[in-house]
Amino acid sequence: MARFQTKPISGARDFLPLDVLRRQYVIDVIERVYQSYGFEPLDTPVMERLDTLLGKYGEEGDQLIFRVAKRGAKLQRALADAPTQDEIADAGLRYDLTVPLARIVAEYSNQLPRYFKRYHIAPVYRADRPAKGRFREFYQCDLDVVGSSSQLVEAEVLNAGAQVLRELGFRGRDASGFLLRLNHRGVLRGLMEITGVPAGLESDALVAVDKLDKIGLEGVEKELRSRGIDQTASTALLDLMATAPEDTDAALCWLEENLVNSDNGAQAVTELKNVVTLTQTGPAGDHIRIDPYLARGLSYYTGPIYEIEFPTLSGSGGAGGRYDDLIGMFSNRSIPACGFSLGLERILLIMEERGLFPQKLAGQPQVLVTNFDRETLTANVELAHALRGAGLRVDHYPDPDNLGRQFRYAEERNIPVALLLGGNELAAGTVTVKDLTSGEQESVAQANVADNLSARLN
């Protein structure tokens with residue numbers, strides 16, 4: 001018989017119990033912080049209509065959508081006509097959580113409040129090339145505000161994202177912390193305008209500039225030329241951007257000076273200043289850095305854009321921006337919107353590398369009830385149920401076995417306490433409580449075991 005391949009499909013992963021508990025720990029922090037900023041949960045189907053997804057993510061993004069083939073006779077008819085991949089499919093796996101949000105707002109506009117503040121934590125799918133920290137199935141942790149053009153919205157989502165990271169143990173702007181790189185689509189348009197990039201090639205230029213951290217200035221120049229942007233404009237754009245200072249205040253002054261004659265650019269600088277001012281006293285304030293290089297590849301962004309950077313590590317830990325036109329594509333009216341998304345997978349990876357998880361995680365069993373023999377089994381079952389009723393997480397060893405094996409099992413599962421209720425304890429009305437970390441044990445009256453354990457574990 002042929003051996004089955006037991007590894008998960010490329011770009012996807014299995015999560016063993018400790019992995020799941022760590023993920024849930026981070027998600028719990030994210031949800032608590034998001035809710036503290038007034039956001040409420042939302043969920044949507046994993047599959048969307050293909051025409052809902054296409055045309056929202058730019059040329060490269062559309063190629064990464066997982067298509068879902070038509071079924072039955074519809075598929076047979078499509079296959080008979082020498083079809084393209086989009087003619088075979090009529091659905092796709094969601095590429096992100098923002099386009100589904102836009103569809104929700106268009107569908108349920110009469111049921112939503114004036115300012116719709118939602119968060120959504122769920123898996124998304126991209127037919128990308130897997131790499132370290134990059135998967136085909138991964139979670140996004142989004143929060144968005146729909147209905148306001150105020151820069152207070154940008155400040156709120158940036159502060160919420162920064163507070164999550166700080167509570168998870170990321171501090172400062174150095175290698176142990178994070179940066180919030182901030183830019184504006186209007187700044188990019190203004191820079192291209194004053195350096196001679198044609199308006200019709202703006203999207204191509206943005207795709208190239210967005211790759212700067214991956215391929216460097218020389219690579220971006222080659223990419224610009226391959227996309228039809230002439231040498232003069234390419235050189236002028238990159239030379240100008242290379243002179244941008246890193247200090248936030250200095251960078252804003254640099255942009256103001258260079259974009260004074262660009263209407264798009266001048267307005268964008270004003271909005272960036274507002275965002276910086278409104279985040280100064282919040283959790284994001286110490287982490288903001290103006291970055292005129294930042295482009296963000298998704299074509300639906302219209303205003304401020306931002307990305308989380310973990311110094312010394314490549315790749316993004318999260319991103320977002322303002323997308324005032326996207327929801328209008330579904331509702332045929334202008335509805336301002338702004339959001340932010342944390343990359344759960346990369347955050348988990350970095351937290352593991354830096355040892356940021358607590359030693360004990362909610363959800364892990366706290367107590368092991370041992371198993372002596374058939375004569376004491378009923379009493380041990382009753383003890384386990386009583387402790388669960390008191391709010392403790394209790395595992396009961398299923399088979400009679402020597403205590404050494406039972407203690408090793410508890411240690412494998414990181415259970416700190418074992419309980420012994422044998423014949424001697426039954427006769428005395430006690431339970432032996434054994435601390436598996438120190439090896440110490442004590443006899444406790446059965447009526448007091450739950451209180452003893454609660455005090456010990458807390």
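This text follows the structure it describes.
The sections below set out a description of the structure shown in this document. No experiment lies behind these values; they were computed from the predicted model shown. (Residues numbered from 1 in each chain as written. Predicted model: local features only at pLDDT ≥ 70, side-chain atom pairs only at ≥ 80, totals over all residues. Heavy atoms only, no water.)

Some words on the packing of aromatic side chains
Inference 1: Within the structure shown, the criterion is met by 6 aromatic pairs.
Inference 2: Look at tyrosine 57 and tyrosine 95: their rings are 4.2 Å apart centre to centre, the planes differ by 35 degrees, and that puts the pair in the tilted class. In this pair, tyrosine 57 sits in the loop between helix H2 (50-53) and helix H3 (58-63) while tyrosine 95 sits in the loop between strand E4 (89-93) and helix H6 (98-107), placing the two residues 38 residues apart along the sequence. Across the pair, exposure class does not vary: tyrosine 57 and tyrosine 95 are buried alike.
Inference 3: Cation over ring: arginine 23 sits above phenylalanine 15, and NZ or CZ is 4.0 Å from the ring centre. (Phe/Tyr/Trp six-rings, centres within 6.5 Å; stacked < 30°, edge-to-face > 60°. Helix = DSSP H or I, 4+ residues; strand = E, 2+ residues; numbered from the N terminus. Buried < 20%, exposed > 50% of the residue type's maximum accessible area, 1.4 Å probe, protein only. Lys NZ or Arg CZ within 6 Å of the ring centre and 35° of its normal.)

Notes on helix H1 (residues 17-36)
Inference 1: Helix length check: H1 (20 residues) gives 28 Å between terminal C-alpha atoms against 28 Å at 1.5 Å per residue, within 8%.
Inference 2: By the burial criterion, the buried members of H1 are Leu21, Arg23, Val26, Ile27, Val29, Ile30, Val33 and Tyr34.
Inference 3: In this fold, the buried residues of H1 make contact with strand E5 (116-125), strand E6 (137-146), helix H7 (151-167), strand E11 (337-343) and helix H15 (344-354).
Inference 4: Just downstream of H1, glycine 38 is the residue with a positive phi angle, here 90 degrees. (Expected span 1.5 Å × (residues − 1). Contact = heavy atoms within 4.5 Å.)

Things to note about the environment of aspartate 128
Inference 1: In this fold, aspartate 128 is placed in the loop between E5 and E6.
Inference 2: For aspartate 128, a relative accessible area of 19% puts it in the buried group.
Inference 3: On a C-alpha basis, the gap between aspartate 128 and glycine 11 in space is 8.2 Å, while along the polypeptide they are 117 residues apart.
Inference 4: What aspartate 128 contacts, discounting residues up to four positions off in sequence, is Leu64, Arg134 and Arg136.

Regarding the pattern of salt bridges
Pairs may arise between side chains of opposite charge once their charged atoms sit close together.
Inference 1: A complete count under the given rule lists 25 salt bridges for this structure.
Inference 2: Notably, a salt bridge pairs glutamate 345 with arginine 13, separated by 3.0 Å at the nearest N-O pair. You can see glutamate 345 sitting in helix H15 and its partner arginine 13 sitting in the segment before H1, a full 332 residues away along the chain.
Inference 3: Using a relative accessible area of 7% as the deciding quantity, one classes glutamate 345 as buried. (Salt bridge = Lys/Arg side-chain N within 4 Å of Asp/Glu carboxyl O.)

Examining unusual backbone geometry
Inference 1: You will see that asparagine 332, though not glycine, has its phi angle at about 60 degrees, which is positive.
Inference 2: Following the sequence through the fold, asparagine 332 ends up in the loop between helix H14 (328-331) and E11.
Inference 3: On the accessibility criterion, asparagine 332 (73% relative accessible area) is exposed.
Inference 4: Although it is not a glycine, asparagine 414 sits at a positive phi angle of roughly 60 degrees.
Inference 5: For asparagine 414, the position within the fold is in the loop between helix H17 (403-412) and strand E14 (417-420).

Some words on the sheet that holds E11
Inference 1: What the 8 strands build is an open sheet, ordered E1-E5-E6-E11-E10-E9-E7-E8; its pairing is mixed. Every interior strand has two partners, whereas the edge strands, strand E1 (40-41) and strand E8 (288-290), have only one.
Inference 2: One ladder, built from 4 bridges, connects strand E9 (residues 304-309) with strand E10 (residues 316-322); its direction is antiparallel. Bridging across to E10, glutamate 309 finds its partner in serine 316.
Inference 3: Helix H8 (residues 185-195) contacts strand E7 (179-184) and E9 of the sheet and is inclined by roughly 55 degrees relative to E7. (Pairing = 2+ DSSP bridges. Axes fitted to C-alpha atoms, helices over the stretch in contact; angles between N-to-C directions.)

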